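Listed below, chain by chain, are the residues.
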Amino acid sequence: MVFAKKTLPLIVCFVMGTLVAIQYYVPHRLSQSFIEELSHWEIIIAAFAFFLGLVSVMQVHIGKLRRRPPGWGFSLFLFAGIIIGVATGFISRGKQISETGAMTPFGWMYNNMLNPLQGTMFCLLGFYIVSAAYRAFKVRSKEAAVLLMVAVLFIFARVPLGQYLWESVWGSTLPWQLHQIVEWIMNTPAKAAGRGILIGVSLGAVATSVKIIAGIERQYMGGKD
Amino acid sequence: MKRFLEGLANVDRRILFLLVVVVILVPIMHPLALPGLKVTDSVRGVYDQIEKLPPRSTIAISFDFDPASKPELYPMALAVTRHAFKKDLKVIGMNLWITGTGLADEILTAAAAEHGKRYGEDYVFLGWQPSPIAVITGVFTDIYKIFSKDQKGNDTRALPVMKGFRSFQQLDYFVELGAGSPGLPHWVQYGADKFKIKMGGGCTAVSEPGYRPYYPVQITGLIPAMKGAAEYESLIGKPDKAYAGLDAISLGHFLILLALAMCNLIPVLTRFTK
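All values derive from a computational prediction rather than experimental measurement.

Novice: Go over the overall build of chain B with me, naming the residues and quoting the values.
Specialist: A count of helical and extended segments in chain B gives eleven helices and six strands. Principal-axis analysis of the C-alpha atoms places the extent of chain B at approximately 80 × 35 × 35 Å. Buried residues in chain B amount to 52% of all 274 residues. Long-range pairs, those at least 24 residues apart, make up 75% of the contacts in chain B with a sequence separation of at least 6.

In structure tokens:
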């Protein structure tokens, strides 16, 4: 039992992790075939993972419906969404437009429910940014002052009207135009900092991967041991 | 005066929300044609690559976004697809975000109809498959193992547009238009950079600083959000939704500037007012 639960997953992880890492640097046909086959497997496993995820979500929300904690009614909406979504998906065979060119029920749901709902959620951000800028962005320190200055500079430089106003005021009296200054900031110090972060994150990911492959990091097996 | 300033400091947030609605909606309904749009080098980096491809070259576009980021990415996706069809390129469409499948299909169908392109002969939409890293790795080795059928259920290998095509390694150019993860970094790391395929990108405004390190080495160009899309629309000579949204972007940002100024000026003025 210990072999199946602990040793076998560690062996599979070590063998597959090592092979995939080596494969990246080997351009041989055999190496290509291996990664092709592995990608195929991964997609099949991911499809099963979706099913597991669905079962898990249902278990959580069935529990909520039984216990009826505050907000349990939202679980009803979740079930309605899953059932109607899956049913219309099956009826429409996953297509939004039928062979005759008419919109299917699945297409109708996508265009008239998912589209506006997701759009609405995202656009709320705009309202809160203005509200936060009006109430919370007080300059209380040097760092906040720098942040505010950069924000103002970028808004002027990145928004067409800002560029136009800046050039109308300063014209050609300055050696560089504002958008050129901001492009330089984006392409030189900001990019250098971005690359530094990216390299740091990548090195961290490599270190974590090596720990997982070597069996030192075992959280993925359930967090014990 | 002091009471007025205090009232201004504690203004109901619903008034601010109403201001946002006015500033965004009015210019969309009645375009003001505000000046100032300049085409940046990073947007031109994508345009130039597509522009110089000979007719019947193969280009792939991955539409990796969902309806939440539609205002930022849909216009650029439409502009890039229009450009590809205008240049008579063969287009392979796909996506890594399941909720974006409908949008990608819509964009390809609309752009193809405008240019009289036929499905299966001039373009194909492969659709979505789970496990993005496996999909990226797979399309760069053997596309038919990942997408044996297209979105419509046709045998992908049998489509004329796919004749002689085995993997993304044969692409003349690849464009990734993404709203997050999985997106541009994954395509760079697992596909385009490894197999030395020329690639361009498009992203949301908030992602742009994060993707800049890849430009101009790993990606030839980057189209940032609606402003980038408007620049692309102006390059292909077909102003559309992004161009129409520029006024709203300008005024919306100036409202934020005004809010920032008020936030910092009101306490100072209150202190000096009897």
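Novice: Tell me what's going on with the overall build of chain A, and back it up with residues and numbers.
Specialist: A tally of helices and strands in chain A yields eight helices and zero strands. Relative to a compact globule of 225 residues, whose C-alpha radius of gyration would be 17 Å, chain A shows 27 Å and is clearly more extended. Over its C-alpha atoms, taken along the principal directions, chain A stretches across nearly 75 × 50 × 45 Å. Sorting the 225 residues of chain A into buried and exposed places 8% on the buried side.

Novice: Could you give an account of the interface of chain A and chain B, naming the residues involved and the relevant values?
Specialist: The interface is formed by 46 residues belonging to chain A together with 48 residues belonging to chain B. Counting only elements with at least two residues in the side of chain A that touches chain B, the list comes to α2 (29-67), α4 (105-135), α5 (142-158), α6 (160-170), α7 (178-187) and α8 (189-213) of chain A. It is α4(A) that provides the largest number of residues to the side of chain A that touches chain B, a total of 16 residues.

Novice: I'd like to hear about helix α4 (residues 70-86) of chain B, residue by residue, with values.
Specialist: Residues and elements named next belong to chain B. In this model α4 runs 23 Å from its N-terminal to its C-terminal C-alpha over 17 residues, within 8% of the 24 Å that 1.5 Å per residue would give. With 15 of its 17 residues buried, α4 lies for the most part within the structure. Trailing α4 by a residue or two, Asp88 shows a phi angle of about 60 degrees, which is positive.

Novice: Describe the sheet that holds strand β5 (residues 199-203) of chain B, and please don't skip the residues or the numbers.
Specialist: All names here are of chain B. Reading across the sheet, the six strands line up as β3-β2-β1-β4-β5-β6 and stay open at both edges, with parallel pairing between neighbours. Only two strands of the sheet have a single neighbouring strand rather than two, namely β3 (123-125) and β6 (222-224). For this sheet the average axis-to-axis angle between neighbouring strands, irrespective of direction, equals 15 degrees. Note: strand β1 (residues 58-64) against strand β4 (residues 173-178), six bridges, orientation parallel. Bridge pairing in β4 links Ser62 to Glu176.

Novice: I'd love a proper account of the nonpolar core, names of residues and values included.
Specialist: Residue and element names in this part refer to chain B. Ile59, Met76, Ala77 and Ile107 are the most contacted members of the largest nonpolar core, which has 91 residues in total. A domain-level breakdown of this core finds at least three residues from each of domain 1 (2-30 + 248-272) and domain 2 (41-239). Those residues in contact with Ile59 that sit more than four places away from it in its chain are Ile50, Leu53, Ala84, Leu89, Val91, Leu171, Asp172, Tyr173 and Val175.

Novice: Break down the pairing of β4(B) for me, citing the residues and quoting the values.
Specialist: All names here are of chain B. β4 sits mainly inside the fold: six of its six residues count as buried. Burial of the side chains of β4 extends over both faces: Tyr173, Val175 and Leu177 are buried on one face and Phe174, Glu176 and Gly178 on the other. Across five bridges, β4 lies against β5 in parallel orientation. Of the residues in β5, the one forming a bridge with Leu177 is Gly202.

Novice: Describe the pairing of β1(B), listing the residues and the values that go with them.
Specialist: Residues and elements named next belong to chain B. Counting buried residues along β1, seven of its seven residues qualify, which places the element largely inside the surrounding structure. Covered by surrounding structure in β1 are Thr58, Ala60, Ser62 and Asp64 together with Ile59, Ile61 and Phe63, the residues of both alternating faces. Bridge count between β1 and strand β2 (residues 90-94): five bridges; the pairing is parallel. Directly across from Ala60, in β2, lies its bridge partner Ile92. Note on the crossover from β1 through α4 to β2: the handedness is right-handed.

Novice: Any chance you could break down helix α1 (residues 2-23) of chain A for me, citing the residues and the numbers?
Specialist: For the α-helix, the turn length of 3.6 residues means that residues three or four positions removed from each other point alike. Taking 1.5 Å per residue as the helical rise, α1(A) with its 22 residues ought to reach 32 Å, and the 30 Å between its terminal C-alpha atoms agrees with that figure. Among the 22 residues that make up α1(A), zero are buried, leaving the element largely open to the surroundings.

Novice: Any details on the environment of B:Lys241? Residues and values, ideally.
Specialist: Position of B:Lys241 among the secondary structure elements: in helix α11 (residues 241-272). A C-alpha to C-alpha distance of 6.1 Å links B:Lys241 and B:Pro75, two positions 166 residues apart in sequence.

Novice: Summarise unusual backbone geometry; cite the residues concerned and give the values.
Specialist: Residue and element names in this part refer to chain B. Each neighbour pair has its own omega, and for Ser181 with Pro182 the value is 0 degrees, a cis peptide bond. Turning to its location among the elements, Pro182 is positioned in the loop between β4 and α8 (184-192). At the junction of Tyr215 and Pro216, the peptide bond is cis and its omega measures out at 5 degrees in the coordinates. Secondary-structure assignment places Pro216 in the loop between α9 (208-211) and β6. Even without glycine at this site, Ala33 takes up a positive phi of about 55 degrees. Note on Ala33: 9 C-beta atoms within 10 Å, which makes it exposed.

About the criteria used
- Residues numbered from 1 in each chain as written.
- Chains lettered and ligands numbered in written order.
- Predicted model: local features only at pLDDT ≥ 70, side-chain atom pairs only at ≥ 80, totals over all residues.
- Helix = DSSP H or I, 4+ residues; strand = E, 2+ residues; numbered from the N terminus.
- Buried ≥ 20, exposed ≤ 12 C-beta atoms within 10 Å, placed from the backbone.
- Contact = placed C-beta atoms within 7 Å.
- Rg over C-alpha atoms; globule rule 2.2 N^0.38 Å.
- Expected span 1.5 Å × (residues − 1).
- Pairing = 2+ DSSP bridges.
- Axes fitted to C-alpha atoms, helices over the stretch in contact; angles between N-to-C directions.
- Core = buried A, V, L, I, M, F, W, Y, C linked by C-beta atoms within 7 Å.
- Domains from an automatic or database assignment.
- Right-handed = clockwise from strand over helix to strand, strands pointing away.

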